[in-house]
Amino acid sequence: MDPQKNQGTGASIVARDITKIYGTGADAFHALGPIDLDIKPGEFVSLIGPSGCGKSTTMLLVSGLEPISQGHVEIDGKPLTKPISEIGIVFQDHLLLDFRTAIQNVMLQQEIRKLDKADMRSRADALFEQLDLVGAEDKYPWQLSGGMRQRVSIARALVHDPSMLIMDEPFGALDAISRTQIRHDLEMLWLAKRKTVLFITHSIEEAVGLSDRVLVMSKSPGCIVEEISIDLPRPRPAHLGEYPEFAVYAKKIYTIFEKLGVYNF
Amino acid sequence: MAQMSTVETSGGTRGPALPAWLKSGLLTIVAVLIVMGVWQVAAIAFDVPVWLVPKPSDFMARFVSDFPLLLHHAFETSKTLLMGFALGVLIAVPLAFAITSFGALERGLFPVIVFLNIMPKTVIGPILIVWFGIGPLVAVLIVFLMSFFPVLVDSMSGFRAVDPRLYYITRSMGASPAQTFFRIRLPASMDHIFAGMKIGVVKAVEGVIIAEFIASSAGLGYLIMRASGFMDMTLMFSGLIMAALVALVFNSGMSIAEVVLMPWARRSQ
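The shown structure was predicted, so the numbers you read here are calculated from the model rather than taken from an experiment. (Residues numbered from 1 in each chain as written. Chains lettered and ligands numbered in written order. Predicted model: local features only at pLDDT ≥ 70, side-chain atom pairs only at ≥ 80, totals over all residues. Heavy atoms only, no water.)

1. Some details on the overall build of chain A
- From N to C terminus, chain A includes seven helices and 10 strands.
- Relative to the 2.2 N^0.38 estimate, which gives 18 Å for 265 residues, the radius of gyration of chain A is 18 Å and therefore close to what a compact globule would have.
- Expressed as lengths along the three principal axes of its C-alpha atoms, the size of chain A is roughly 50 × 45 × 35 Å.
- When the 265 residues of chain A are sorted by exposure, 54% land in the buried category.
- For chain A, contacts bridging at least 24 residues in sequence account for 70% of all contacts bridging at least 6.
- Accessible area for chain A stands at about 11300 Å²; split by element, carbon and sulfur atoms hold 52% of it. (Helix = DSSP H or I, 4+ residues; strand = E, 2+ residues; numbered from the N terminus. Rg over C-alpha atoms; globule rule 2.2 N^0.38 Å. Buried < 20%, exposed > 50% of the residue type's maximum accessible area, 1.4 Å probe, protein only. Contact = heavy atoms within 4.5 Å. Areas by Shrake-Rupley, 256 points an atom, 1.4 Å probe, with all protein chains shown as cover.)

2. Structural notes on the overall build of chain B
- Broken down by element type, chain B carries 11 helices and zero strands.
- Taken from N to C terminus, the helices and strands of chain B fall in the order α-α-α-α-α-α-α-α-α-α-α.
- Along the first, second and third principal axes, the C-alpha atoms of chain B reach 75 × 65 × 30 Å.
- The proportion of buried residues among the 269 residues of chain B is 40%.
- Contacts in chain B between residues at least 24 apart in sequence constitute 75% of all its contacts with a sequence separation of at least 6.
- Just so you have it, chain B exposes about 14100 Å², and 75% of that area is on carbon and sulfur atoms.

3. Things to note about the sheet that holds strand β3 (residues 44-48) of chain A
Residue and element names in this part refer to chain A.
- Spatially, β6-β7-β8-β3-β9-β10 is the arrangement adopted by the six strands of the open sheet, whose pairing is mixed. With one partner strand each, in any of the chains shown, β6 (87-90) and β10 (224-229) form the two edges of the open sheet. The average undirected angle you get between the axes of adjacent strands in this sheet is 15°.
- Strand direction decides the pairing type here: strand β9 (residues 213-217) and β10, joined by five bridges, are antiparallel. (Pairing = 2+ DSSP bridges. Axes fitted to C-alpha atoms, helices over the stretch in contact; angles between N-to-C directions.)

4. Description of the interface of chain B and chain A
- Each partner contributes residues to the interface: chain B has 19 residues there, and chain A has 25 residues.
- A buried area of about 2200 Å², summed over both sides, lies between chain B and chain A, and 65% of it is on carbon and sulfur atoms.
- Taken together, the links from chain B to chain A amount to two salt bridges.
- Measuring nitrogen to oxygen at the nearest pair gives 2.4 Å for the salt bridge that ties R165(B) to D93(A).
- Run the count over chain B and chain A and you get seven residue pairs in polar contact (both at pLDDT 80 or more). (Buried area = accessible area lost by both parts, 1.4 Å probe. Salt bridge = Lys/Arg side-chain N within 4 Å of Asp/Glu carboxyl O. Polar contact = N/O pair within 3.5 Å; in protein donor to acceptor, adjacent residues only side chain to side chain.)

5. Some words on helix α7 (residues 136-160) of chain B
- Helix length check: α7(B) (25 residues) gives 36 Å between terminal C-alpha atoms against 36 Å at 1.5 Å per residue, within 8%.
- Of all 25 residues in α7(B), 20 are buried, a share of seventy percent or more. (Expected span 1.5 Å × (residues − 1).)

6. Considerations on the pattern of salt bridges
- The full count for this structure, using the stated rule, is 22 salt bridges over all chains.
- Between D212(A) and R234(A) there is a salt bridge; the shortest N-O distance is 2.9 Å. Of this pair, D212(A) sits in the loop between α6 (204-210) and β9 while R234(A) sits in the loop between β10 and α7 (244-260); the two residues are 22 residues apart in sequence, bridging distant segments of the chain.
- Note that E76(B) is salt-bridged to K79(B), the shortest N-O span being 3.8 Å. Placement of both E76(B) and K79(B) in helix α4 (residues 67-101) is noted, with a separation of three residues, approximately one turn of the helix.
- Residue E76(B) is classed as buried on the basis of its relative accessible area of 17%.

7. Quick word on unusual backbone geometry
- Omega for the bond connecting R234(A) with P235(A) falls within 30 degrees of zero, at -10°, which places this linkage in the cis form.
- Structurally, P235(A) is set in the loop between β10 and α7.

8. Points about helix α3 (residues 117-130) of chain A
Residues and elements named next belong to chain A.
- Its 14 residues give α3 an end-to-end C-alpha distance of 20 Å, which sits within 8% of 20 Å, the value for a rise of 1.5 Å per residue.
- Turning to α3, its buried residues are M120, R123, A124, L127 and F128. The buried side chains of α3 occupy one side of the element, clustering within an arc of 140° when seen end-on. Facing away from the buried side of α3 by more than 90 degrees, the exposed set consists of A118 and E129.
- If you follow the buried residues of α3, they end up packed against α2 (102-113), α4 (146-158) and α5 (176-193).
- Backbone nitrogen of D119 and a side-chain oxygen of the N-cap are separated by 2.9 Å at the start of α3; the cap is D116. (Arc of directions from axis to C-beta.)

9. Side note on the environment of V143(B)
- Tracing the sequence through the fold places V143(B) in helix α7.
- Filtering out sequence-adjacent residues up to four positions away, V143(B) remains in contact with T80(B), L81(B), G84(B), F85(B), A204(B), G207(B) and V208(B).

10. What about the pairing of strand β8 (residues 196-201) of chain A?
All names here are of chain A.
- Of all six residues making up β8, six are buried, and the element is well covered by its neighbours.
- Of the two faces of β8, the one carrying T196, L198 and I200 and the one carrying V197, F199 and T201 are both buried.
- When β3 meets β8, the two strands line up parallel, connected through five bridges. Across the sheet, S46 pairs through a bridge with F199, a residue of β8.
- As paired strands, strand β7 (residues 164-168) and β8 are joined by five bridges and run parallel to one another. Paired with M164 across the strands is T196, a residue of β8.
- You can see the chain leave β7, run along α5 and come back into β8, and the turn it takes is right-handed. (Right-handed = clockwise from strand over helix to strand, strands pointing away.)

As structure tokens, this is what we get:
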């Protein structure tokens, strides 16, 4: 587990016909798929779709955290058999431990992975700087605002320099203003390191604002119905409307959602 | 606990005024003195005999003169209490963890636990006396039973309260079961465990005196019961005060332990 090993490279994710069925027999629930994914190293890909379409399930399947019912996944060309460790995870809820300070929450990665303490601490300090968290190190989660808690959660996901970051609606619980700022901060971190990001969202603005590619999913059982490459310069501005193309991309996604019956106007 | 948090918030911002804890402490003392004074005056005015209701001056004098005896029995009571309570916590917390970890155990054991929990624990006293004879052991076991269930039930809800998605993150870190338990599940459950222990200690104090009434040859409950046999009212009242002091020591001990062991929980107000 050398954190330097993957410096500058992200993992590739290839999934073929992955399907998730919860339960068996009459109670079986077909939650997802079959879907295919081809994510290049260092690519920023968003999955967007209605609630319950299996976006989060997709994320858990490609990271090996939940068993796949059918199909297979390859990470960096190697078949996925167990949970990937070269990964950082951020959920909608910060899921920080109340009994640890911000820095201790981040250093949990170092403790459990038994990495070098001084090295990890300097990486954590650098991330705190980049994520505008300086001064929050010794605060407990309840002493931080929602936005700062989520920033700590991102620092925890990145401190061990994983080759892939999966984020399940990470900004979903934040107010619109914090969300725009944290979107930019995440983009800057990604531009510096170019790790593979699988980003799950309900927000068209976030998907277009952050991604190289947006995969649009249908209602449950979710399938990928459209793939949209986002060709906008980076870093992208706070107000995405500055780009006329933004309206075109957004319109495309709205149209798909209307066609799928996600929206009914 | 209320006192602990006021100590922290009073951080000298009130200038020359008395700190909040001192103020509330003084008020308590004044209130107690007023009650005692009224009691004393009424007992004298109505000429109530000492063997019926002793005056505060009678039992306070007895408290002072028989202090070594009271202290000895308070020590015995505390020993019983501590052993029974510690046994309760040491069995309840791991059992709660096992029950919440294995579904089969939960389905099999939980109805039994619920039944034992609603059953009045002191009824086991006579049975325990037959098995173990009159002595401190029976009292320890009754204290154990009284404090065990609140700790078990609250620890179970504590172990369940951890968001299961957190385990995705720890699994991605490659955490071993021991690491997950000691670094996440146990500390994350601490506030629930403490809530159970606080109820448990109150139950234990209640239980220890009752246990000593029926089944012991030492301790404050035994002392009070023996004094009752001699109609020694002043000794019974001094025993009562000592029992209240023991309860106070244990409850404050829990509050201090909570502050020391869970520094993160000091969310005063």
